[in-house]
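Examination of the molecular architecture
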Amino acid sequence: MVSESDCLIKGRAITENILLAQEIIEDIKKPNRGGNVVLKLDMTKAYDRVFWKFLGLTLRKLGFFDQWVDITHNYIANNWYSVIVNGGRHGFFTSSRGLRQGDPLSPSLFTLSVELLSQMLNKLQNSASFKGFYMNHNGPKINHLTFADDTILFCNGSKRSMELILKTLNTYEGVSGQLINKEKSCFGMADNTNIATINRLKFITGMEHQEFPIKYLGCPLISGRKKNAFYSGILNNIISRIRGWQTKFLSTGGRPVFLALPIHLLAAVNPPSGYKWEAPLGFLEKLRPLSQFGLSDTHLGNIKINEVFKDGERDWNCIQNLLPEEIKNHITNREITLDPNSDDKAIWTPSTTGKFTISSDWEFLRQKKNNNTMDGQIWQKDIPFKMSFLTWRAIHNKFSTNQRVSRFGITISQNSHCCATVNSMTEMESSDHLFCKGDLARKIWHHFAGPMGIAYRNINLKMMLLNWWNHKSHNPITNYITKIIPPIVCREI
């Protein structure tokens with residue numbers, strides 16, 4: 001893929017499109033004859049309008065084998081339609097366009113079909129009669145960004161450039177079957193653009209003018225000063241998901257994934273400092289306001305160390321009059337070497353560089369515990385989150401087993417219903433019994449642990465998992481397998 005599309009392409013993310021679009025728009029006020037224009041396009045039923053013949057030709061041009069193209073065509077074209085009139089079906093007919101919504105292959109096929117539009121726009125950038133968006137001469141020239149069916153164009157507002165852009169879009173519509181919804185599409189320009197220029201572009205494009213911020217991929221694109229109101233939509237989306245009824249029907253492992261859908265957008269934007277989520281956990285609570293010292297921030301900021309020193313020694317009268325008791329004790333209990341030839345400089349002591357960083361502040365504030373080797377084995381990047389989370393719950397006895405429920409004074413059957421032997425049936429149902437000591441669990445662990453010589457009999461789940469993770473071999477593949485098998489087996493049990 002050579003286009004500016006980031007959808008379903010390895011190594012690219014949706015946040016890259018948002019960050020790049022925001023960086024380009026920051027230069028929209030730079031002088032450029034004709035003005036800088038941002039076009040946000042909305043495709044009408046983008047998936048349903050893709051021509052199958054166009055998709056096949058695109059795949060062949062991209063180098064796919066004819067056999068693969070034929071298989072893909074037979075797959076997407078294997079559907080028939082019928083019209084229901086008065087409750088009865090009348091006739092069957094096929095179609096010549098459309099990708100199924102929800103099909104796992106459809107997003108990839110649509111991304112490949114949009115490749116033609118990207119190459120046409122890139123070719124237009126090299127045209128001598130086309131004038132593009134103002135960009136730094138040292139950087140690449142970008143005139144569009146695409147993510148699936150979300151497309152944003154950066155161009156010049158001159159008549160000739162806009163006509164070339166619209167001609168390219170019309171050509172793409174004709175060959176691909178796509179249709180731009182001009183009622184939902186819009187264009188943006190700098191705030192100081194005169195009304196005559198805006199009206200001229202309205203007439204040429206047939207689209208409405210929208211002032212910034214313009215929403216792209218769920219994030220507001222800002223031109224000028226940032227305001228809290230611009231980011232309220234993202235915050236409201238997060239709050240609505242937390243309070244929404246959907247979370248009540250999700251498992252404990254599914255809830256963080258569900259909430260992460262809107263939260264990931266915060267990684268691509270830089271809201272004003274007024275938003276509380278920028279502070280690390282516990283940071284605002286543990287910082288005491290300056291009013292407790294009887295000083296305002298301006299007053300405290302104007303006091304310099306050399307003001308409370310005189311001839312190389314502390315000026316006690318100045319200290320008594322200017323500073324509160326807590327700061328006086330802090331100064332008098334420290335050895336300070338005064339250099340009259342250098343200026344005062346604030347040093348953040350928790351950091352080795354002397355500069356404040358969020359990571360050093362977090363390390364300073366958080367309550368550290370001893371490292372747990374078991375947690376390091378459970379949470380690994382090669383193991384799906386749901387498997388690691390289930391294993392963690394099993395080890396910490398977080399399941400509603402008979403043993404745990406009985407602690408709350410609830411009378412429940414003492415027998416285990418998942419075992420066949422008498423001894424196992426009379427044992428209290430617990431996490432160790434379900435995942436390690438029960439009949440089914442022992443058979444499964446015997447199948448995996450037996451051939452590798454890992455002890456699994458007559459021990460609890462935590463000890464058995466430690467036996468797996470402490471098992472060493474000269475073969476690195478064997479060591480890798482012994483680390484990932486336990487969470488997978490626990491999930492299957």
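As the structure is a computational prediction, the values presented were derived from the model and not from experiment.

Cut-offs and rules
Residues numbered from 1 in each chain as written. Predicted model: local features only at pLDDT ≥ 70, side-chain atom pairs only at ≥ 80, totals over all residues. Heavy atoms only, no water. Helix = DSSP H or I, 4+ residues; strand = E, 2+ residues; numbered from the N terminus. Buried < 20%, exposed > 50% of the residue type's maximum accessible area, 1.4 Å probe, protein only. Areas by Shrake-Rupley, 256 points an atom, 1.4 Å probe, with all protein chains shown as cover. Phe/Tyr/Trp six-rings, centres within 6.5 Å; stacked < 30°, edge-to-face > 60°. Lys NZ or Arg CZ within 6 Å of the ring centre and 35° of its normal. Polar contact = N/O pair within 3.5 Å; in protein donor to acceptor, adjacent residues only side chain to side chain.

Bringing the overall build of the protein into the picture now. Looking only at helices and strands, one finds 22 helices and 11 strands in the protein. Out of the 493 residues in the protein, the part that is buried amounts to 37%. Of the roughly 30700 Å² of accessible surface on the protein, 54% is carried by carbon and sulfur atoms.

Scanning the entire structure with this criterion turns up eight aromatic pairs. A network of ring pairs unites the aromatic residues Trp379, Phe385, Phe389 and Trp392 as a single cluster. Note that Arg100 overlies the ring of Tyr75, its terminal NZ or CZ placed 5.5 Å from the centroid. In this structure, Arg393 packs its charged tip against the face of Phe399, placed 4.5 Å from the ring centre.

Pro213 follows Phe212 through a cis peptide bond whose omega is 10°. Considering the arrangement of structural elements, one finds Pro213 in the loop between strand S7 (208-209) and strand S8 (214-216). Of note in this structure, Asn86 is not a glycine but carries a positive phi near 55°. Tracing the sequence through the fold places Asn86 in the loop between strand S2 (81-85) and strand S3 (88-93). Phi at Asn458 is positive, roughly 55°, even though this residue is not glycine. Among the secondary structure elements, Asn458 is positioned in the loop between helix H20 (439-452) and helix H21 (461-470). Here Asn458 falls in the exposed class, since its relative accessible area comes to 79%.

Here we take up the side chain of Thr205. Along the chain, Thr205 turns up in helix H7 (residues 195-205). A polar atom in the side chain of Thr205 sits 2.6 Å from the backbone oxygen of Leu201.

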